[in-house]
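Residues per chain are reported as follows:
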Amino acid sequence: MAELIPLRLGVNIDHVATVRNARGGAYPDPLRAAKIAEEAGADGITAHLREDRRHISDADIDGLMDVLSVPLNFEMAATDEMQKIALRHKPHAVCIVPEKREERTTEGGLEVARDENRLAHFIAPLRDAGCRVSIFIAAEMRQIEAANRIGAEVIELHTGAYCEAHADGLFEERDAELVRLCEMSNFAHSLGLEVHAGHGLTYDTVAPVAAIAEVRELNIGHFLIGEAIFLGLEPAIREMRTIMDEARK
Ligand code: PXP
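Residues numbered from 1 in each chain as written. Predicted model: local features only at pLDDT ≥ 70, side-chain atom pairs only at ≥ 80, totals over all residues. Heavy atoms only, no water.

## Considerations on the nonpolar core
Item 1. Among the nonpolar cores identified, the biggest contains 76 residues, and Ile45, Leu64, Phe74, Ile96, Ile135 and Leu218 are the most heavily contacted of them.
Item 2. Among the elements that take part in this core, helix α11 (residues 233-248) stands out by supplying seven residues, more than any other.
Item 3. With near-sequence residues (within four places) excluded, leucine 218 lies in contact with Leu7, Arg8, Leu9, Gly10, Ala197, Leu201, Val206, Val209, Ala210 and Met244. (Core = buried A, V, L, I, M, F, W, Y, C linked by side-chain atoms within 4.5 Å. Buried < 20%, exposed > 50% of the residue type's maximum accessible area, 1.4 Å probe, protein only. Helix = DSSP H or I, 4+ residues; strand = E, 2+ residues; numbered from the N terminus. Contact = heavy atoms within 4.5 Å.)

Here it is as structure tokens:
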């Protein structure tokens, strides 16, 4: 069992940009959201520059690099275009995610095991540039082993299946997913990987994941931006932080 280490909260601001882009123009501004998230206790800001630029834009990434006082976790697909952008900015962290044009959100983890050679070559220059490279994967042993072999320092475990089972009232399935997340966090930690987790987390689902001792960071976006409509962004983030901290005790 790992000693209890502090748990960071990365706030994903993609969907502030989604609302902005629904009308074009500049409002609401994801950079303003990022600064409020910092005030509210976010330890980092996460933004996913998609190939189709459906939410975050290149200008948003330029702006985030300029204004943030906390680290930027730059999410991207493993493409040449994105690698060039990451190498230009050298953000604190780069999280490699799978991306399909037709999906509404990042549906599954990256298939590292079947693409090891290419991914090893892909992440090497990012690591050389000083970025902490994280790989977004399902909580599966073979993906974790492959992420370790290609030289990633961090893995982010996809919590989508756990959250969906909860939302659908499939509590046995949810609990089985949680056991899997615990076991695979432990396994990854034993290999020397830093473990992050995220996708679909809400006030109702975050506590058991926050309580996993080996998990060092949660990345949360859609629910927080939705809750901000009702509570305001700062209180919405503070509430998440409180639940995480309570669960961690
Ligand atoms: N982590 C990763 C790697 C993601 O791609 C995303 C967004 O798809 C998140 C965390 C945050 O997920 P959500 O917006 O559902 O909280």
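On we go.
## Focus: the pattern of salt bridges
Item 1. Tallied over the full model, the rule gives 22 salt bridges.
Item 2. When the shortest N-O distance is used, the salt bridge between arginine 132 and glutamate 153 registers 3.6 Å. Residue arginine 132 is found in strand β5 (residues 132-137), and its partner glutamate 153 is found in the loop between α6 (141-149) and β6 (154-158); the two are separated by 21 residues along the sequence.
Item 3. If you follow the salt bridges from partner to partner, you end up with Arg8, Arg127, Arg132, Glu153, Glu194, Arg216 and Glu217 in one network. (Salt bridge = Lys/Arg side-chain N within 4 Å of Asp/Glu carboxyl O.)

## A word on the site of the ligand
Item 1. Surrounding the ligand, one finds 13 residues, the nearest of these being Glu75, Glu156, Gly200, Gly221 and His222.
Item 2. Here an oxygen atom of the ligand and a side-chain polar atom of histidine 199 are 3.3 Å apart.
Item 3. Glycine 221 places a polar main-chain atom, nitrogen or oxygen, 2.7 Å from an oxygen atom of the ligand.
Item 4. For the shell around the ligand, a count of residues per class yields three nonpolar, eight polar and two charged. (Near = heavy atom within 4 Å. Polar contact = N/O pair within 3.5 Å; in protein donor to acceptor, adjacent residues only side chain to side chain. Nonpolar A, V, L, I, M, F, W, Y, C, P; charged D, E, K, R; others polar.)

## Here's the deal with the environment of threonine 18
Item 1. Within the secondary structure layout, threonine 18 lies in helix α1 (residues 14-23).
Item 2. Polar side-chain contacts of threonine 18 include one of 2.9 Å to the side chain of histidine 15.

## Here we look at the packing of helix α2 (residues 30-39) against α11
Item 1. With their axes 9 Å apart at the nearest point, α2 and α11 run at an angle of 45 degrees to one another. Classed by the angle they form, the pair α2 and α11 counts as oblique. Crossing geometry of α2 relative to α11 is assigned as right-handed. Of the residues in α11, those in contact with Ala33, Ile36, Ala37 and Glu39 of α2 are Leu233, Glu234, Ile237 and Arg238.
Item 2. Looking at the contact of α2 with α11 residue by residue, the class counts come to five nonpolar, no polar and three charged. (Axes fitted to C-alpha atoms, helices over the stretch in contact; angles between N-to-C directions. Parallel < 35°, antiparallel > 145°, perpendicular 65-115°, else oblique. Left-handed = near helix turned anticlockwise from the far one by under 90°.)

## What to know about α6
Item 1. Of the positions making up α6, those classed as buried are Gln143, Ile144, Ala146 and Ala147. Projected down its long axis, α6 carries its buried residues within an arc of 165 degrees, all on one side.
Item 2. In the core, the buried residues of α6 are packed alongside α5 (116-128), β5, β6 and α8 (171-190).
Item 3. Positive backbone phi, approximately 100 degrees, marks glycine 151, located one or two places after α6. (Arc of directions from axis to C-beta.)

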